[in-house]
Amino acid sequence: MGILKLDNIKMQFGGVVALNNLNIDVEKGKIEALIGPNGAGKTTAFNVITGVYTPTSGDVYYNDKKITGLTPDKITKMGIARTFQNIRLFKNLTVLDNILIANHLHVKSNFLSHTLRMPWSRQEEKNMREKSEMLLDRLGLLSLKNEIASSLPYGEQRKLEIARALATDAKLLLLDEPAAGMNPSETMQLSNFIHDIRDEFQLTIFMIEHHMDLVMEISDKIYVLDFGELIAQGTADEVKNDPRVIEAYLGVEEDA
Amino acid sequence: MIDQRKKHNFKLYNIIIFIVFVAFITALDLKFLGDDYVRRVLSLAAIYTIVSVSMNLVNGFTGLFSLGQAGFMAVGAYTVAIFTVPLEKRAAIFYVVDQNPVLAQIHLPFVVALILGGLLSALIAILIGIPVLRLRSDYLAIATLGFSEIIRIILTNAKSITNGALGIKGIPEMPTMWVFFGVMILSVTLIVLLINSSYGRAFKAIREDEIAAEAMGINLFKHKVMSFAIGAFFAGIGGGLLASLLGTVDPKQFYFTMTYNFLLIIVLGGMGSISGTVIASFIVTIGLEVLRFFDEPLTLLGFNIPLFRAGFRMVIFSALLMILVLFFRNGLLGQKELSWDMITSWFNKKTLRRKEKGGAL
Ligand SMILES: Nc1ncnc2c1ncn2[C@@H]1O[C@H](COP(=O)(O)OP(=O)(O)OP(=O)(O)O)[C@@H](O)[C@H]1O
Ligand SMILES: [Mg+2]
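About the thresholds
For every chain, the first residue of the written sequence is number 1, and numbering continues from 1 onward in sequence order. Chains and ligands are labelled by the order in which they are written, letters from A for the one and numbers from 1 for the other. Only residues with pLDDT of 70 or above have their local features reported here, since the model is predicted, and side-chain atom pairs are shown and tallied only from 80 upward, although totals for entire chains, interfaces and linings are computed over all residues. Just so you know, side-chain values use all the structure's heavy atoms and leave hydrogens and water out. Residues are classed as near a molecule or strand on a simple rule: at least one heavy atom within 4 Å of it. In the analysis that follows, any N or O atom pair within 3.5 Å is treated as a polar contact, provided that within protein one partner can donate a hydrogen and the other can accept it, and provided that, for residues neighboring in sequence, both atoms belong to side chains. Numbering goes from the N terminus for both helices and strands, where a helix is a DSSP run of H or I of at least four residues and a strand is a run of E of at least two. Only nitrogen, oxygen and sulfur atoms qualify as donors, and only when within 2.8 Å of the metal (3.2 Å in the case of Na, K and Ca); with water excluded, sites may look incomplete. Using a 1.4 Å probe on the protein chains alone, a residue whose accessible area is under 20% of its type maximum counts as buried, one over 50% counts as exposed, and one in between counts as partly exposed. An automatic or database domain assignment supplies the residue ranges for each domain. In this description, contact between two residues means that some pair of their heavy atoms is separated by no more than 4.5 Å. Reported buried area values correspond to the accessible surface (1.4 Å probe) lost by two parts on association, with both partners' losses combined. Salt bridge, as applied in this entry: a Lys or Arg side-chain nitrogen positioned within 4 Å of an Asp or Glu carboxyl oxygen. Patch membership requires more than 30% relative accessible area and the absence of a salt bridge. Residues of like charge join within 9 Å; the nonpolar side chains Val, Leu, Ile, Met, Phe, Trp and Tyr join within 5 Å. Per-residue and other accessible areas were derived by the Shrake-Rupley procedure at a 1.4 Å probe size, with only the shown protein chains allowed to occlude residues. In this charge count, Lys and Arg are treated as positive and Asp and Glu as negative; neither His nor the chain ends contribute. We call a set of buried Ala, Val, Leu, Ile, Met, Phe, Trp, Tyr and Cys residues a nonpolar core when their side-chain atoms join them within 4.5 Å. Expected span, for any helix, means 1.5 Å times one less than how many residues it has. In this description, strands pair whenever DSSP reports at least two bridges between them. Whenever a helix is involved, its axis is fitted only over the stretch in contact; in every case the axis is a line through C-alpha atoms, and angles between N-to-C directions fall within 0 to 180 degrees. Note on angle classes: values under 35 degrees are labelled roughly parallel, values over 145 roughly antiparallel, values of 65 to 115 roughly perpendicular, and the remainder oblique. Any residue that is not Ala, Val, Leu, Ile, Met, Phe, Trp, Tyr, Cys, Pro, Asp, Glu, Lys or Arg is counted as polar, Gly included; the first ten are nonpolar and the last four charged. pLDDT expresses, on a scale from 0 to 100, how confident the predictor is about each individual residue.

*Asks:* For this particular structure, what's the right way to read the site of ligand 1?
*Replies:* Residue and element names in this part refer to chain A. Near ligand 1 there are 13 residues, and of these Gly39, Lys42, Thr43, Thr44 and Gln85 occur at the shortest range. Interatomic distance of 2.9 Å between a backbone N/O atom of glycine 39 and an oxygen atom of ligand 1. The side chain of glutamine 85 places a nitrogen or oxygen atom 2.7 Å from an oxygen atom of ligand 1. The biggest single contributor to the shell around ligand 1 is helix 1 (residues 42-49), with 3 residues.

In structure tokens, the structure reads:
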């Protein structure tokens, strides 16, 4: 059964149809990828899933529950977290604060008892810190916990953004071009990293990626988008040899 | 460890500074030091600190742009005025239009009226926030400015409640400065605790990047309303204290230009720095008093200098605000807090590179 389902999604901005009749069914526990030339509508699809945009028509289902029209924070609370194509960390805050903020959605006691440091709020804060440090430790970022996020090297910033998404306790991770700007060896490491966290945290991963080596190696299933239309889907081999995919990519070879 | 000892020393310094501060205020309060004028100015600075720190919570830590401080202070001030003036004095104050018969019966202790004023301000903030905080953030500035004006018009016209343009006199004065400084310490402490809690981190996340904050599961609307209402609560408290410091309230006191004082303070102190705001509150309040001589006519060597007249102070004040925004956008402390580490490293840097220009300052 699919964990995420896009049912006939259409997303129109004025005259621009960014997504048309998009049907996607991401299977639980898998790593699946969304590829396509620049401007194909990949990020728009993520924005529709996460509630940044409400689709013109069609519906999004998460674990068979309709989430169309919910605000992004509600969708994250349900278990979908994302990273951004252009890293969006809380730049002036520390690494640890970035992770702690992603824990805030689980906070139960109100602002007054947190301000007055009531015992149950202290406990909540303590648990949150322990959990965050454990996560940072697991991802090899613990030694950087007091660094300001924007001072981290680029690759570490990408990693921190994934860590932050994980800290929400999401079960479905949407990664928008996690390997952008990485060299081949960093990309290889990222590939292992994505595999590892999928297994360890029992995640489903849906990612947008331009690095074809990474996509082909890691994905259980690939969706190919071109001008807002799904032109192919299947395993790496199926997609690689699809004439429409070859055409779409050859047509924009200079950009890709 | 040397570091450990250093930390120990710093803690000691903090305690010493706090004791000196308490001793200083107590000496003033017991009239060993200073005069009534000094006591008034410092009490005013304490009130300005409360309002500025709470404005920084909203504008500096949550990234909203509220200009409603004068309006919220008016709400707090009038609540204290209406409910704490002794019943037997009411008729003499409301001599043009009778006070509303229900209100004329009600007298509240100062503390109750003060808190009620804060809560009323917070309630109004929630009512403003619900429609406006769903919109883009610039709308809040417009809405809060409008609110400040509307409040003034209501205060001028609801004569049976507020006594209109005549204002309300005879508000009981406080026996000690510690009322102002005590509430200041309590308010600043509460706001610091809030900022360093999970909710405070959520506020900062919203300031840093709304889209990312929302993607991390933070309900933007709820947290913005929360921050805005808490800010309004403390502005209301500040207004209530101001009413009892001055002993009188009238609508003209709460002109929206008053809000610019607090804006100057938080920009000078650093948007996102509590210690900077506290320091700037005292600098600006005392500075505005010092600048008062610009408002007096000045005759120099027999010439009457034409610039020196009522209002010139505000010209200088506006120029300062402009210079600040143009050249020292980070203010004294930026988003940092004053710490001994900062002071020692600042002195070290100064002695090492005497000729180089200073950083934040
Ligand atoms: N908010 C918006 N308003 C108007 N048009 C938009 C909006 N968001 C996206 N679009 C348009 O939708 C199309 C798809 O954009 P999208 O960002 O989804 O592409 P993409 O596949 O992620 O491309 P890239 O590989 O460059 O990231 C583009 O033509 C873009 O201009
Ligand atoms: Mg994109």
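The structure having been displayed, the exposition proceeds.
*Asks:* I'm lost on the coordination of the magnesium ion (ligand 2) in this one. Help?
*Replies:* Tetrahedral coordination by four donors places them ideally at 109.5 degrees to one another around the metal; octahedral coordination by six donors ideally gives 90 or 180 degrees. Residue and element names in this part refer to chain A. Looking at the magnesium ion (ligand 2), the protein donor atoms are Thr43 (OG1) and Gln85 (OE1), and they sit 1.9 to 2.1 Å from it. Linking threonine 43 in helix 1 with glutamine 85 in the loop between strand 6 (80-82) and helix 3 (95-101), this pair joins segments that are 42 residues apart in sequence. A relative accessible area of 25% means that threonine 43 is categorised as partly exposed.

*Asks:* Is there a simple way to explain the domain arrangement of chain A in this structure?
*Replies:* All names here are of chain A. Domain parsing of chain A yields domain 1 (1-79 + 170-256) and domain 2 (93-167). Taking the mean C-alpha position of each, domain 1 and domain 2 sit 27 Å from one another. Contact residues are listed per partner, giving 18 residues for domain 1 and 11 residues for domain 2. Roughly 1200 Å² is buried in total at the junction of domain 1 and domain 2, and carbon and sulfur atoms are behind 73% of that figure. Run the count over domain 1 and domain 2 and you get 1 salt bridge. Its salt-bridge partner being glutamate 200, residue arginine 138 comes within 2.3 Å of it at the nearest N-O pair. Applying the counting criterion to the domain 1 and domain 2 interface returns 2 residue pairs in polar contact (both at pLDDT 80 or more). When residues of the side of domain 1 that touches domain 2 are traced back to their parent elements, those giving at least two are helix 2 (72-78), strand 7 (172-176) and helix 7 (184-201).

*Asks:* Quick question: what am I supposed to make of a nonpolar patch on the surface here?
*Replies:* Residues and elements named next belong to chain B. A contiguous nonpolar surface patch, about 630 Å² in accessible area, is contributed by Leu320, Met322, Ile323, Leu326, Phe327 and Phe328. In this fold, phenylalanine 327 is placed in helix 14 (residues 312-327). Note on phenylalanine 327: relative accessible area 61%, which makes it exposed.

*Asks:* Would you mind going over the side chain of A:Glu209 with me for this structure?
*Replies:* All names here are of chain A. Mapped onto the elements, glutamate 209 comes out in the loop between strand 8 (204-208) and helix 8 (212-218). We note that glutamate 209 is buried and unpaired, the nearest opposite charge coming from arginine 158 at a distance of 7.4 Å. A distance of 2.9 Å separates the side chain of glutamate 209 from the backbone nitrogen of alanine 179, its partner in a polar contact. At 3.1 Å, the side chain of glutamate 209 and the backbone nitrogen of histidine 211 are in polar contact. For glutamate 209, the contacting residues outside a window of four places in its chain are Leu34, Ile35, Glu177, Pro178, Ala179, Ala180, Leu214 and Val215.

*Asks:* Any chance you could explain unusual backbone geometry here in plain terms?
*Replies:* Leaving glycine out, the prevailing phi sign among residues is negative, and the prevailing peptide bond configuration is trans. All names here are of chain A. Even without a glycine there, the phi angle at asparagine 8 is positive, about 55°. Of note, asparagine 8 is situated in strand 1 (residues 2-13). Classification of asparagine 8 as partly exposed rests on a relative accessible area of 37%. The phi dihedral of asparagine 21 is positive, around 45°, even though this residue is not glycine. On the secondary structure map, asparagine 21 appears in strand 2 (residues 16-27).

*Asks:* Looking at this structure, I do not really get the side chain of A:Thr187. What am I missing?
*Replies:* Residue and element names in this part refer to chain A. Within the fold, threonine 187 resides in helix 7. For threonine 187, a relative accessible area of 8% gives the class buried. Among the polar contacts made by the side chain of threonine 187, one reaches the main-chain carbonyl oxygen of asparagine 183 at a distance of 2.8 Å. Once residues lying within four places of it in the same chain are set aside, the contact partners of threonine 187 are Ala179, Met182, His211 and Leu214.

*Asks:* Sorry, what's going on with the nonpolar core here?
*Replies:* Looking at soluble globular proteins, one finds that nonpolar side chains tend to be buried together. Ranked by size, the top nonpolar core spans 155 residues in total, and within it A:Leu173 and B:Leu241 carry the most contacts. Both domains that furnish three or more residues to this core are identified here as domain 1 (1-79 + 170-256) and domain 2 (93-167) of chain A. Each residue touching A:Leu173, except ones within four places of it in the same chain, is listed here: A:Ala81, A:Ile162, A:Ala165, A:Leu166, A:Ile197, A:Leu203, A:Thr204, A:Ile205 and A:Phe206. Membership of the second largest hydrophobic core comes to 26 residues, among which are A:Leu19, A:Ala40, A:Ile208 and A:Tyr223.

*Asks:* I would appreciate a short explanation of helix 13 (residues 274-290) of chain B in the present structure.
*Replies:* Residues spaced three or four apart along an α-helix point in a common direction, a consequence of the helix completing one turn every 3.6 residues. All names here are of chain B. Taking 1.5 Å of rise per residue, the 17 residues of helix 13 would be expected to cover 24 Å, and the 24 Å separating its terminal C-alpha atoms lies within 8% of that figure. All of the buried residues in helix 13 are Ile274, Ser275, Gly276, Thr277, Ala280, Ser281, Phe282, Val284, Thr285, Leu288 and Glu289. If you follow the buried residues of helix 13, they end up packed against helix 2 (36-61), helix 8 (178-195), helix 12 (257-269) and helix 14. Taking the backbone nitrogen of glycine 276 as reference, a side-chain oxygen 3.1 Å away marks serine 273 as the first, capping residue of helix 13.

*Asks:* Would you mind going over the interface of chain B and chain A with me for this structure?
*Replies:* With 27 residues of chain B at the interface, the matching set in chain A holds 31 residues. Here chain B packs against chain A, burying approximately 2500 Å² in sum over the two surfaces, 63% of which is carbon and sulfur. A per-residue breakdown of the area chain B buries against chain A is headed by B:Tyr199, B:Arg201 and B:Met216, which together make up 29% of the total. Taken together, chain B and chain A are joined by 2 salt bridges. With a shortest N-O distance of 2.8 Å, B:Asp209 and A:Arg88 are connected by a salt bridge. Viewed at the interface, chain A and chain B are joined by 10 residue pairs in polar contact (both at pLDDT 80 or more). Elements supplying a minimum of two residues to the side of chain B that touches chain A: helix 8, helix 9 (198-208), helix 10 (210-215) and helix 11 (220-246) of chain B. If you tally residues by element for the side of chain B that touches chain A, the top one is helix 9 of chain B, at 8 residues.

*Asks:* I would appreciate a short explanation of the sheet that holds strand 5 (residues 65-66) of chain A in the present structure.
*Replies:* Two pairing modes exist for strands in a sheet, parallel and antiparallel, and in both the strands are linked by backbone hydrogen bonds. Read across the open sheet, the 4 strands follow the order 2-1-4-5 (chain A); overall the sheet is antiparallel. Two strands close off the open sheet at either side, each with one partner strand: strand 2 and strand 5 of chain A.

*Asks:* Would you mind going over the packing of helix 2 of chain B against helix 11 of chain B with me for this structure?
*Replies:* Between two packed helices, the angle of one axis relative to the other and the distance separating the axes together describe the packing. All names here are of chain B. Axis separation between helix 2 and helix 11 bottoms out at 7 Å; the angle between their running directions is 170°. In terms of orientation, helix 2 and helix 11 fall into the roughly antiparallel class. Residues Arg40, Ser43, Leu44, Ile47, Ile50, Val51, Ser54, Leu57 and Val58 of helix 2 pack against Ser227, Phe228, Ile230, Gly231, Phe234, Ala235, Gly238, Leu241, Leu242, Leu245 and Leu246 of helix 11. Considered class by class, the residues forming the contact of helix 2 with helix 11 number 14 nonpolar, 5 polar and 1 charged.

*Asks:* What is the right way to read the confidence of the model for chain B from this model?
*Replies:* Keep in mind that low pLDDT regions are not for reading the predicted coordinates in detail. Residues and elements named next belong to chain B. Here chain B shows a mean pLDDT of 87. Residues at 70 or above account for 91%. Overall, residues 357-361 carries pLDDT values under 50, and its contacts beyond four positions in sequence, including any with other chains, amount to 5 contacts. Here the predicted complex scores 0.90 on pTM and 0.93 on ipTM.

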